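Take a look at the letters that make up each chain.
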Amino acid sequence: MSIYKSAVTKPITTIMVFTAVVVLGVYSLRNIPIDLYPEMEPPFISVMTTYAGANAADIETNVTKPIEDAMNSVDNLKEVTSISYDNLSLVNLEFEWGTNLDEVMNDVRSVIDATYNYLPDGCERPSVFKFNTSMMPILFYAITAEDSYPGLEKLIEEKLVNPLNRIEGVGSVSTFGEPKRIIYVDVDPKKLDAYALTLEQIGSMIASENLNMPSGNVKMGQLDYQLRVEGEFSESDQLNGIVVGNVAGKPIYLRDVAMVKDTLKYGYIDESINGKKGMRLLVQKQSGANTVKIAREVNQQLKELIPTLPPDIHIAPIMDTSDFIRGSIDNLSETLMWAFLFVILVVLFFLGRWRATLIIILTIPISLVVSFIYLYFTGSSLNVISLSSLSIAIGMVVDDAIVVLENITRHIERGSSPREAAIYATNEVWLAVIVTTMVIVAVFLPLTLVGGMTGVMFNELGWIVTITIVTSTLVAITLTPMLSSRLLKTWGSKERLLNTTYNRTIRVFLDRLDAFYQKTVHWVLHHKRFTVTVSIAIFVGSLVLGAFFVKTDFFPESDESSMTVSLEMQTGLRMEESLKTAQKVEQIIRERYPEITLVSNSTGADDEGSFFSLFMATGSNRSNLMMRLVPIGERDRSVFEIADDLRQQLDQIAEIVTYQVSTSSSMFGGTTNTVDIEIFGYDFNETNRLADEIRDRVRTIKGASEVTLSREKDRPELQVVLDREKLALNGLNSAMVSTFIRNRVDGLTASVFREEGDEYDIDLRFEEDYRNSITDLQEITIINPSGHKIKLSELGQVKEYWSPPNIEHKRRERIARVSVKPVGVSLGELANRIREEMKGVEVPPEIMINVGGAYEDQMEGFQDIGLLMVVSLILVFIVMASQFESFAMPFVIMFSIPFAFTGVVLILFLTGTTLSLIAALGAVLLIGIVVKNGIVLVDFINLMRDRGYELYEAIERAGRSRLRPVLMTAGTTILGMLPLALSKGEGSEIWSPMGITVIGGLVFSTIVTMVIVPVMYAILARRGERDKKTKLRKRFIFLDQ
Amino acid sequence: MKAIFIIFNQAHTERLEYVFDRLGIRGYTWWQEVQGRGSETGEPRLGTHTWPEMNSAAITVIPDEQVEILLEDIRKIDEVNREVGIRAFVWEVMKTV
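Just so it is clear, the model here is predicted, and its values are computed rather than measured.

A tally of helices and strands in chain A yields 34 helices and 30 strands. Seen through its C-alpha atoms, chain A measures out along the principal axes to roughly 145 × 80 × 60 Å. A total of 1041 residues make up chain A; the buried ones form 44% of that total. Sequence separation of 24 or more characterises 80% of the internal contacts of chain A that already satisfy a separation of 6 or more.

Here it is, written out as structure tokens:
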């Protein structure tokens, strides 16, 4: 027994099956995490190796190169880039998307094991890191304090970090820029010399005084006592009283030669929030955890914890990724509701019956709910991609049900009982329904095969649409006939003539539309040449329009109500000076942009190199400002306008060498829309000169902004050049001297001071006045093994040098990169202009130049889309050719596809939208939707021909009869997409281009399809039937003899 | 005894079953799917893409006096909508076993 017959004869079973599906779906929906994008594991692995004491060039030759060479043997490797810093080598490996990173990690580790022996002695074992989007912080808080500032570190650690860490799903809570307590012992070198002491001696005195020592057990009487010597300081003040030496029988106390300061660590970094001193707190989630839920719980917990803190501490969110996610998801859910409503209205408009509309509308929730089950079982999330996929699908899932229901009502109108009609009418159309579904699947299923970064997003789209569409077909051939058999009443054919409002208004209108259309078809069939010429002209015209006026773009940026600015001042500038500029910028921001509610400023570099430094460049000459804006609804200017204005302001500040204003917070690990000009070449001077020239040239290009050079300016460096002969004479070596210098300038951590379970360093060094000039450094006293005091100036010279701070490699060659951000111009256009400009640059033969960057990704993305389009076209052709058992018919139908693209170009032009990857994807999806209309029409023309109508009459009749179904399915799809295209608000920039393209393409192509397909049919299939009959007659010619 | 051969659009299945039941006709033979075309106005019922509908056929052997009653019912069914289609042919039954 067929599936539809079983469904009709067993209504309860049918209802129960679908109830079970819905229950499962709703359960899944409740358990799916909410996120912005599907979780992905970018195929990047970093190998980090430290080799203390080597400069960038040493690192490059001795560490980076061997590792890079060895990595070449790893499978699926796409690109190797590296940066060699002083003391540190960082090799970044990029693999093909979809590579199993666990396997790759193992490969990389074994390669490192093999290479390790060839690395220089003293080089640490390389460590391997894997990146994941879930590593990006989901929450950023700014914490400001006044009186409690000095104790902030301990307070926050105990009262906030620990409790927050206990929340389920929180990966880690880290702090950044917090004030650290330290005890400085600032030594006066003159006094040391006078008392014949050294800094090292003092250090060891402190270490040996600050000591608790168990000294055995003492048995006294009946008891066993533990004996301890308690020397540890209980107050930092006690340090002053330590005796560090003797002169003429009198003790020398520490206070005689040094000053003890129990204070905050001397800063190389300055954190301020809205101009107040403070720190930042950031929260990361565990992989697979629900961002929105964690953010909610963290915020909740914070609310409870804040009262336990002193009242002068204020906590304000700088960035809450969950805000944007929640906004986007709410926005899309709303879009979905509107789409649902529109689809109901369209169906009601065409059918004019409540019961029939209800039957069709029921397909929607059931089909959509199945996609939740899919998301739940694949461990995916409710995200922008999955929700927009549903928006795309919502207009299409009703199509099959409409076809089935239409046929059932036709039978009922002829007098069949609903039950019989349901079975036999479904029998008549079920195959056709499955074929049209296959056409849609043929377009969407290839999406699941796309690789690369685009693939991560498209795969989910492909699966969801495929699954919902297939489900809708299943519903259409089971639930729809079942419900029809129960809900539809037996109408006489008189029903049509009843004097209802619907019959008087809309039906009259639709009937007139049918008649008008039939006349149109009649006219074009008799003016075929004219029609085809005009159509081709329109198509060519649109291509010209597209080529000249529609701009391409990679990924539309979205207004996330946050902004970051990174400033770079002159290389080597001290933090205090950089801070002044940063504060000036902060002042400008506060004055000009009332929309910005919070500015968090971080200037300088953390000496310990925190986790945070992985995400942005830090240095004493750099400032990073993070800003938070009021929600989109409460301001007139978009974040992009503000950013543009700020760029103009920053251009006027002379102290700023380069700056970057970024409006995207977390998009794919911070991929930005830049065109990179890559300069490959070994010679620093040559490539630097070229890079400078290119930078200056590119700056003059219209639309180029934020031109930055990846290779930093050479950094001023003081080098102590020792004379080895003099060293040897004094019984010294470089290591001994460098330790002496380091202890005096950087400091010697003599011991730790313990208080309430926490440890604070006791740092010993020269007073600042004695270590801030070249002369001071030359005056440093070094004591040789025989006890003689020697000044550093006697052993060598202190010279000022310029050294390259880091060396970048790409494909194992040295590279300098000029990055350009487009403003008011598309990425593709900017790349073209740059190429044009580059023609004037004279490039030496040993240097190679390449234009890449996000532009490269864009080209790759568009290539993927192009390939996708070809695959889809082939699949669609295959499905149609086999359905019609003809090579000509698919061409008749596919003739409408170019006009879909005409529609896309027109709408992009009219709305001023750029052709982004998302818009291009919309165009690919159109193939399926447009072809579906054509199939409906051609199928019916064929039917009419087979039933013996003349060619033109068959076309006219079919046209008249299929106009409504085509308008109805197109109408549901168009109106289903409308809310998507029109949506404003959080994240809409991402998906609205897709809605716009599909609507434009579909409106235009539907109109054209209804005109051009009949004409093409008349041209291409004119001979088909006649030939068949002639052939048959020839075979039976003997009968006539 | 007469044999009545009834060929009808599948959509009439339920009604014919009811008629047999109503008239107390116990014995019949039923072909679920048969193809055919009416001699004058009837559309082809081929179960193909072009002519998707199908006919069923039933033959029942009944006493002479019931023939007219059955034919009358079939005529009524036909009159509901002639497009759907039902035809009955009365055959002579010569002998039975």
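More follows now that the structure is in view.
Now for the interface of chain A and chain B. With 13 residues of chain A at the interface, the matching set in chain B holds 11 residues. Tallied by class, residues from the side of chain A that touches chain B come to three nonpolar, four polar and six charged.

Okay, the confidence of the model for chain A next. Detailed reading of the predicted coordinates is not advisable wherever pLDDT falls low. All names here are of chain A. The predicted model of chain A averages 82 in pLDDT, with 94% of residues at 70 or higher. In the model of chain A, helix 34 (residues 1024-1035) stands out as the element of lowest mean pLDDT, 71, in contrast to helix 2 (residues 11-31), which has the highest, 92. Of the regions scoring below 50 in pLDDT, residues 608-614 engages in five contacts with residues more than four places distant in sequence or in other chains.

Turning our attention to unusual backbone geometry. Comment: phi is negative for the bulk of residues other than glycine, and the bulk of peptide bonds are trans. All names here are of chain A. In the Ramachandran plot, A248 falls in the positive-phi region, its phi being about 50 degrees despite a non-glycine side chain. Within the fold, A248 resides in the loop between strand 10 (243-247) and strand 11 (250-253). Of note in this structure, R812 is not a glycine but carries a positive phi near 65 degrees. In this structure, R812 sits in the loop between strand 28 (806-810) and strand 29 (813-822).

Right, let's get into the sheet that holds strand 24 (residues 758-766) of chain A. All names here are of chain A. One open sheet accounts for four strands, arranged 12-7-24-23; its pairing is mixed. Of all strands in the sheet, those with a lone pairing partner are strand 12 (258-264) and strand 23 (748-755), marking the two edges. Averaged over all neighbouring strand pairs, the angle between strand axes comes to 25 degrees, with direction disregarded. The sheet contact formed by strand 23 and strand 24 spans seven bridges and is antiparallel. Residue pairing across strands places R754 opposite E759, the latter belonging to strand 24. Taken strand by strand, helix 7 (residues 199-209) contacts strand 7 (181-187), strand 23 and strand 24, and its axis lies near 25 degrees from that of strand 23.

In this fold, F377 of chain A is placed in helix 12 (residues 363-377). Note: C-alpha distance between F377 of chain A and I32 of chain A (345 residues apart in sequence) is 9.3 Å.

The next subject is the nonpolar core. Residue and element names in this part refer to chain A. Core analysis: the largest hydrophobic core is formed by 209 residues, its most contacted members being V924, L926 and V1013. Of the residues forming this core, the biggest block, 21 residues, is contributed by helix 31 (residues 917-946). Once you skip the residues sitting within four places of it in the chain, V1013 turns out to touch V892, I893, F895, S896, G934, L937 and V938. If you look at the next biggest cluster of nonpolar residues, it comprises 23 residues, including I242, V257, V260 and I762.

Residues and elements named next belong to chain B. Ordered by their spatial adjacency, four strands build an open sheet running 2-3-1-4, and the pairing between neighbours is antiparallel. The open sheet is flanked by strand 2 (29-34) and strand 4 (86-92), the only strands paired with a single partner. Taken pair by pair, the neighbouring strands of this sheet meet at an average axis angle of 15 degrees, ignoring direction. Pairing analysis gives seven bridges linking strand 1 (residues 2-9) to strand 4, with the strands arranged antiparallel. When the bridges of strand 4 are listed, A3 appears paired with W91.

Residues and elements named next belong to chain A. Taking 1.5 Å per residue, 22 residues should reach 32 Å; helix 19 (residues 528-549) reaches 31 Å between its end C-alpha atoms and fits that length. Those residues of helix 19 lying buried are T531, S535 and S542. Looking down the long axis of helix 19, one finds its buried residues gathered within 35 degrees of arc, a one-sided arrangement. Projecting away from the buried face of helix 19 at angles above 90 degrees are the exposed residues R529, F530, T533, I536, A537, V540, V544, A547 and F548. Where helix 19 is buried, its residues contact helix 18 (506-525), helix 30 (897-911) and helix 33 (988-1020).

Okay, the pairing of strand 3 (residues 88-95) of chain A next. All names here are of chain A. Burial of strand 3 is extensive: six of the eight residues sit out of reach of the surface. Pairing of strand 1 (residues 44-50) with strand 3 involves seven bridges; the strand directions are antiparallel. The residue of strand 3 that forms the bridge with I45 is L93. For strand 2 (residues 77-85) and strand 3, the ladder comprises seven bridges, and the chain directions are antiparallel. Bridging from a neighbouring strand, V80 pairs with L93 of strand 3. Taking the residues between adjacent antiparallel strands as the criterion, strand 2 and strand 3 are bridged by two residues, where N87 takes a positive phi near 70 degrees.

What counts and how
Residues numbered from 1 in each chain as written. Chains lettered and ligands numbered in written order. Predicted model: local features only at pLDDT ≥ 70, side-chain atom pairs only at ≥ 80, totals over all residues. Helix = DSSP H or I, 4+ residues; strand = E, 2+ residues; numbered from the N terminus. Buried ≥ 20, exposed ≤ 12 C-beta atoms within 10 Å, placed from the backbone. Contact = placed C-beta atoms within 7 Å. Nonpolar A, V, L, I, M, F, W, Y, C, P; charged D, E, K, R; others polar. pLDDT = per-residue confidence, 0-100. Pairing = 2+ DSSP bridges. Axes fitted to C-alpha atoms, helices over the stretch in contact; angles between N-to-C directions. Core = buried A, V, L, I, M, F, W, Y, C linked by C-beta atoms within 7 Å. Expected span 1.5 Å × (residues − 1). Arc of directions from axis to C-beta.

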